[in-house]
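Examining the three-dimensional arrangement
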Amino acid sequence: QVQLVESGGGLVQAGGSLRLSCVGSGMIFSMKTMAWYRQAPGKQRELVASLSSRSSTYYFDPVKGRFSISRDNAKNTVYLQMNNLKPEDTAIYYCNTAPESGNFWGQGTQVTVSS
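All values derive from a computational prediction rather than experimental measurement.

**Considerations on the sheet that holds strand β10 (residues 109-114)**
The strand order across the open sheet formed by 6 strands is β2-β10-β9-β4-β5-β6, and the pairing between neighbours is mixed. Only two strands of the sheet have a single partner each, and these edge strands are β2 (10-13) and β6 (57-59). Between one strand axis and the next, the sheet turns by 25° as a mean value, whatever way the strands run. Both strand β4 (residues 34-39) and strand β5 (residues 46-51) contribute to a ladder of 5 bridges, which runs antiparallel. Bridging across to β5, A35 finds its partner in S50.

If you want it as structure tokens, here you go:
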């Protein structure tokens, strides 16, 4: 059974930074393209960043230059470093594979950016 557990969210002022972590189990983590998604209130979930097993990255345009995705396969963990946060980054952040698997969604971690 696959389990993904996100952590690291919180309340931060605009311009601040947070580092999210996601620990996976129940799958061959190192072979997966892992991704971070977010869902703001009243909006659809959107793909924020992804990182393939061969280190290819994708970033959603609004976060380019501010967010950085990385992974530690030995720890089955994927990270999202978020710098220069903006109020519009406020959302629940989830990790999943890319493309996403409906069975892998966890609880997510709340990120709130105050202006």
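**Notes on the side chain of N96**
Counting through the fold element by element, N96 comes out in strand β9 (residues 91-97). In this structure the side chain of N96 is engaged in a polar contact, spanning 3.2 Å, whose partner is the side chain of T97. When neighbours within four sequence positions are excluded, N96 is seen to be in contact with L4, T33, M34, A35, Y37, S101, F104 and W105.

**Some remarks on the state of the cysteines**
Inspection of every chain in the model, using the stated rule, returns 1 disulfide. Put simply, C22 and C95 are joined by a disulfide, and their sulfur atoms are 1.7 Å apart. Note that C22 is positioned in strand β3 (residues 18-25) and C95 in strand β9, a separation of 73 residues in sequence. On the basis of relative accessibility, which here comes to 0%, the residue C22 falls in the buried class.

**Considerations on the environment of R38**
If you trace the backbone, R38 turns up in strand β4. Look at R38 and you get buried, because its relative accessible area is 6%. When residues no more than four places from it in sequence are discounted, the contact partners of R38 are Q44, R45, E46, V48, F60, V63, F67, E88, D89, A91, I92 and Y93. A distance of 2.7 Å separates a polar atom in the side chain of R38 from a polar atom in the side chain of E46. Within the local environment of R38, its side chain forms a polar contact with the side chain of D89, the two groups lying 3.0 Å apart.

**What about unusual backbone geometry?**
P99 follows A98 through a cis peptide bond whose omega is 0°. As for its placement among the helices and strands, P99 is situated in the loop between β9 and β10. A positive phi angle is found at S55, which is not glycine, with a value near 75°. Relative to the elements of secondary structure, S55 occurs in the loop between β5 and β6. Not every positive phi belongs to a glycine, and N84 is a case in point at roughly 50°. The topology assignment puts N84 in the loop between β8 (77-82) and β9.

Rules behind the numbers
- Residues numbered from 1 in each chain as written.
- Predicted model: local features only at pLDDT ≥ 70, side-chain atom pairs only at ≥ 80, totals over all residues.
- Heavy atoms only, no water.
- Pairing = 2+ DSSP bridges.
- Helix = DSSP H or I, 4+ residues; strand = E, 2+ residues; numbered from the N terminus.
- Axes fitted to C-alpha atoms, helices over the stretch in contact; angles between N-to-C directions.
- Polar contact = N/O pair within 3.5 Å; in protein donor to acceptor, adjacent residues only side chain to side chain.
- Contact = heavy atoms within 4.5 Å.
- Disulfide = S-S within 2.5 Å.
- Buried < 20%, exposed > 50% of the residue type's maximum accessible area, 1.4 Å probe, protein only.

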